[in-house]
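These are the residues of each chain, in order.
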Amino acid sequence: MQDDIAIVGAGPAGARAAYVLAARGARVRILDASHPREKPCGGGVTGRALALVADAVDAADCRASVIRSVRFTHSGDSRSAVVALEHRGASADSALLVADRTTFDRVLLAAAERAGAVLDRSRVRHVAVDADGATLETTAGVRRATFVIGADGANSLVRRRVATPFRRDQLSIATGFFAHGVTSDEIVVELRSDPPGYIWSFPRPTHLAIGICAQADAGVTAAALRARTARWIAATRIADGARLEPYSWPIPSLAAGDFDAVAVAGPRWALVGDAAGLVDPITREGIYFALASGQWIADALAAGDDARVYASRVRDEAMSELARAARLKAAFFRPAFTGLMLRGLQESHAIREVMADLVAGRQPYASLKWRLLRTFEWRLALRALATVRLE
């Protein structure tokens with residue numbers, strides 16, 4: 001029997017789309033040979049992301065660390081600034097949780113199966129789309145569906161078959177270590193200008209996820225980046241006594257102009273989450289838009305709309321915001337700006353509140369400039385704004 005919807009990839013985007021569609025009566029098949037699995041990323045899940053899936057999962061089941069604060073430092077500077085976050089337990093009311101991704105993805109996938117989606121453990125080898133639907137060649141045989149959703153990440157097979165793969169300059173490499181046996185309730189972020197970005201330590205329930213990210217075409221190898229991370233771990237002693245497990249992973253990281261041209265849908269197909277490029281170019285956070293895009297494509301298909309409705313919603317609710325982040329990115333990590341930002345975080349309660357909302361996903365880039373200007377510490381805000389264009 002032909003499926004209504006075939007979803008390639010059982011991560012947050014695919015699982016959310018599967019849950020919503022199956023709950024509304026569609027015949028849904030999720031094809032994934034490896035999920036749920038650990039993912040080499042920070043694993044930060046904002047309260048607004050958890051609110052999106054509150055109808056399907058209980059945050060308390062997600063095996064997540066509740067984050068009380070974020071400590072910001074600057075490369076070559078011994079100073080630091082601490083931003084306190086709202087702490088309301090493992091719920092959508094907390095500003096930020098850091099999830100064990102194996103458990104988080106398992107909870108989302110289990111909700112989709114309870115709703116009626118079928119999990120197919122075969123690996124997809126090829127996808128072809130025609131006027132009547134999609135044909136998927138898998139390790140277990142041929143599958144046929146009326147519509148196919150690519151939720152299979154930055155190296156998406158579906159994207160490669162129905163659109164164009166991401167270029168090297170549209171990808172970042174995240175690399176670092178899982179530090180097993182140590183954890184915390186504080187995220188640590190060290191801002192760096194070479195390569196532009198930051199080193200992070202995100203505490204999960206049983207380990208720290210520590211890493212660094214750089215554009216894939218920046219001329220720095222994953223091995224060199226991982227070595228920098230190892231030196232930072234040794235210098236900060238943040239993971240003394242831990243067993244270090246290395247990782248590397250590609251992440252979409254599009255330029256502002258890319259968001260105007262990137263394909264996310266067409267006749268009989270759509271892309272969600274990382275496969276659609278829906279990742280913040282500054283923070284490299286992608287879980288919120290993975291869940292949101294899964295919801296949006298499910299809403300469109302369940303209402304009988306074609307994929308153009310989904311594509312329009314992605315442009316309006318995601319890509320405009322991500323393009324602003326991309327325009328800001330080049331200047332954001334310049335020493336002139338990061339130094340002022342660190343000073344502002346140290347001296348200004350109002351600026352710390354702005355940063356807390358950025359971390360929690362509540363502060364959009366569109367209104368960031370005006371909110372900074374409304375702080376009482378307007379001289380600091382004006383000096384920072386003079387160093388970077390905030391659109």
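Residues numbered from 1 in each chain as written. Predicted model: local features only at pLDDT ≥ 70, side-chain atom pairs only at ≥ 80, totals over all residues. Heavy atoms only, no water.

Enquirer: Before we move on, can you summarise the pairing of strand S15 (residues 207–215) with the specific residues and values?
Expert: The two faces of a sheet get side chains in turn, since along a regular strand they alternate between them. Counting buried residues in S15 gives nine out of nine residues, a clear majority hidden from the surface. Residue alternation in S15 divides its side chains into two sets, His207, Ala209, Gly211, Cys213 and Gln215 and Leu208, Ile210, Ile212 and Ala214, and both sets are buried. With nine bridges connecting them, strand S12 (residues 171–180) and S15 associate as antiparallel partners. Bridging from a neighbouring strand, His180 pairs with His207 of S15. Bridge count between strand S14 (residues 196–203) and S15: five bridges; the pairing is antiparallel. Residue pairing in the sheet places Ser201 in a bridge with Ile210 of S15. Counted between consecutive antiparallel strands, the loop separating S14 from S15 contains three residues. (Buried < 20%, exposed > 50% of the residue type's maximum accessible area, 1.4 Å probe, protein only. Helix = DSSP H or I, 4+ residues; strand = E, 2+ residues; numbered from the N terminus. Pairing = 2+ DSSP bridges.)

Enquirer: So what about the environment of Pro335? Which residues, and what values?
Expert: Note on placement: Pro335 falls in helix H9 (residues 335–347). Distance in space between the C-alpha atoms of Pro335 and Leu191 is 8.8 Å, their sequence separation being 144 residues. The contact partners of Pro335, leaving out residues within four places of it in the chain, are His74 and Ser193. (Contact = heavy atoms within 4.5 Å.)

Enquirer: Describe the packing of aromatic side chains, with residues and values.
Expert: Where two aromatic rings form a pair, the distance of their centres and the angle of their planes describe that pair. Following the criterion strictly, the structure yields four aromatic pairs and no others. Plain terms: the ring middles of Tyr288 and Phe289 are 5.1 Å apart, the flat faces sit at 70° to each other, and that makes the pair edge-to-face. Comparing Tyr288 with Phe289 shows no difference in burial state: the two are buried. Through a chain of ring-to-ring contacts, three or more aromatic side chains come together here, namely Tyr198, Trp200 and Phe333. (Phe/Tyr/Trp six-rings, centres within 6.5 Å; stacked < 30°, edge-to-face > 60°.)

Enquirer: An account of the sheet that holds strand S4 (residues 64–66) is needed here, citing residue identities and associated values.
Expert: If you trace the three strands from one edge of the open sheet to the other, you get S3-S7-S4, paired in antiparallel fashion. Every interior strand has two partners, whereas the edge strands, strand S3 (44–46) and S4, have only one. Looking at each pair of strands side by side, their axes are set apart by 35° on average, direction ignored. As paired strands, S3 and strand S7 (residues 96–99) are joined by three bridges and run antiparallel to one another. Following the sheet pairing, Val45 is matched in S7 by Leu97. (Axes fitted to C-alpha atoms, helices over the stretch in contact; angles between N-to-C directions.)

Enquirer: Can you explain the pairing of strand S2 (residues 28–31)? Please cite residues and give values.
Expert: Burial of the side chains of S2 extends over both faces: Val28 and Ile30 are buried on one face and Arg29 and Leu31 on the other. Judged from the four bridges that link them, strand S1 (residues 3–8) and S2 form a sheet pairing that is parallel. In the strand pairing of S2, Ala6 is matched with Arg29. Where S2 and strand S8 (residues 118–120) come together, three bridges link them in parallel fashion. In the strand pairing of S8, Ile30 is matched with Leu119.

By themselves these figures say nothing about function.
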